[in-house]
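# Summary of the model geometry
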Amino acid sequence: MKVTVMKPDKIINFILPPQIHGNYWITDFENGKKINLINIEAIDNRWHLISNPDAFVLNNNRQII
């Protein structure tokens, strides 16, 4: 699965492994400091994206889901 993170100044692409397992963070750097943007976790053989106060998931209508 390919996950794309769009920020005002750049796009970050992240490819998850074909086997659904594990816990992954998509990270970025702001002001020289590494930050966690969003967590992707394997639960019951499905990927789950976990939002936080600084990052969230939008559907095709640009609504937070």
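Just so we're clear, the structure is a prediction, and the values are computed from it rather than from any experiment.

The next thing to look at is the packing of aromatic side chains. All chains considered together, the criterion is met by 2 aromatic pairs. Geometrically, the ring pair formed by phenylalanine 14 and tyrosine 24 is tilted, given 6.3 Å between the ring centres and 55 degrees between the ring planes. Of this pair, phenylalanine 14 sits in strand 2 (residues 10-15) while tyrosine 24 sits in strand 3 (residues 23-30), and the two are 10 residues apart along the sequence. The partly exposed category is assigned to tyrosine 24, whose relative accessible area is 23%. Both rings, one in tyrosine 24 and one in tryptophan 47, keep their centres 5.8 Å apart while their planes meet at 65 degrees; by these two values the pair is edge-to-face. Note that tyrosine 24 is positioned in strand 3 and tryptophan 47 in strand 5 (residues 46-50), a separation of 23 residues in sequence.

The next subject is the nonpolar core. Val3, Val5, Ile12, Leu16, Ile26, Leu37, Ile38, Ile40, Trp47 and Val57 form the largest nonpolar core, which has 10 residues in total. Elements supplying a minimum of two residues to this core: strand 1 (2-7) and strand 4 (33-43). Counting residues per element, this core draws most heavily on strand 4, which supplies 3 residues. Each residue touching isoleucine 26, except ones within four places of it in the same chain, is listed here: Val3, Val5, Ile12, Phe14, Ile35, Asn36, Leu37, Ile38 and Ile40.

Reading across from one edge, 3-4-5 is the order of the 3 strands in this open sheet, with antiparallel pairing throughout. On the outer flanks of this sheet lie strand 3 and strand 5, each paired with one strand and no other. Shown here is a sheet whose adjacent strand axes are inclined to one another by a mean of 25 degrees, direction ignored. Here 5 bridges tie strand 4 to strand 5, and the two strands are oriented antiparallel to one another. By the bridge assignment, asparagine 39 is partnered in strand 5 with isoleucine 50.

Turning our eyes to something else, we now look at the pattern of salt bridges. Per the counting criterion, the structure on display carries 3 salt bridges. With a closest N to O distance of 2.5 Å, lysine 7 and aspartate 28 form a salt bridge. Of this pair, lysine 7 sits in strand 1 while aspartate 28 sits in strand 3, placing them 21 residues apart in sequence. Each member of the pair lysine 7 and aspartate 28 is classed as buried. Here aspartate 28 ties to lysine 10 by a salt bridge, and the two come within 2.7 Å at their closest N and O atoms. Here aspartate 28 is found in strand 3, whereas its partner lysine 10 is found in strand 2, with 18 residues between them in sequence. One salt-bridge network, in which partners are shared between bridges, spans Lys7, Lys10, Asp28 and Glu30.

Rules used throughout
Residues numbered from 1 in each chain as written. Predicted model: local features only at pLDDT ≥ 70, side-chain atom pairs only at ≥ 80, totals over all residues. Heavy atoms only, no water. Phe/Tyr/Trp six-rings, centres within 6.5 Å; stacked < 30°, edge-to-face > 60°. Helix = DSSP H or I, 4+ residues; strand = E, 2+ residues; numbered from the N terminus. Buried < 20%, exposed > 50% of the residue type's maximum accessible area, 1.4 Å probe, protein only. Core = buried A, V, L, I, M, F, W, Y, C linked by side-chain atoms within 4.5 Å. Contact = heavy atoms within 4.5 Å. Pairing = 2+ DSSP bridges. Axes fitted to C-alpha atoms, helices over the stretch in contact; angles between N-to-C directions. Salt bridge = Lys/Arg side-chain N within 4 Å of Asp/Glu carboxyl O.

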